[in-house]
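Residues per chain are reported as follows:
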Amino acid sequence: MAEGLYPGISKHIIASHASKERGTQLVMQRYGLNPLLELNMAVGEGSGAVLVLSLIDAMQSVLKNMNTLEDLDVIFTK
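A word on unusual backbone geometry. Even without a glycine there, the phi angle at Asp73 is positive, about 60°. Inspection of the secondary structure puts Asp73 in the segment after α3 (47-65). Under the relative-accessibility criterion, Asp73 is labelled exposed at 62%.

Of the pockets and cavities examined, the largest pocket occupies roughly 540 Å³. What lines the largest pocket is a set of 25 residues, and nearest its centre among them are Ile13, His17, Thr24, Val27 and Met28. Residue assignment for the lining of the largest pocket shows that the elements contributing at least two residues are α1 (2-5), α2 (24-30) and α3.

Further remarks concern the environment of Val43. Along the chain, Val43 falls in the loop between α2 and α3. Assessed through its relative accessible area of 46%, Val43 is described here as partly exposed. Along the primary structure Val43 and Lys20 are separated by 23 residues, whereas in three dimensions their C-alpha atoms are 9.0 Å apart.

About the cut-offs
- Residues numbered from 1 in each chain as written.
- Predicted model: local features only at pLDDT ≥ 70, side-chain atom pairs only at ≥ 80, totals over all residues.
- Heavy atoms only, no water.
- Helix = DSSP H or I, 4+ residues; strand = E, 2+ residues; numbered from the N terminus.
- Buried < 20%, exposed > 50% of the residue type's maximum accessible area, 1.4 Å probe, protein only.
- 1 Å grid on protein atoms, 1.4 Å probe; cavity = no way out; pocket = protein on both sides within 12 Å on 5 of 7 lines; lining within 4 Å.
- Points joined across faces, edges and corners; volume = space filled by probe spheres on them.

That's the geometry; what it means functionally is another story.
Here it is, written out as structure tokens:
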């Protein structure tokens, strides 16, 4: 529905989980979405989105706070 209302919005959608509801796989394939979780849920009230929020927060924290080898002053020699 979102893509119909706002063409191009699917480029900004995060697929939280692969629902076992009919049609989910068709929508995912149609818009090139890959779900972050495979939980075999078919509840429909946004449970997957709520679960993925903590995953997104964790990923953001890692990307923001992760040290690089340069930060750690690691030097490789041949």
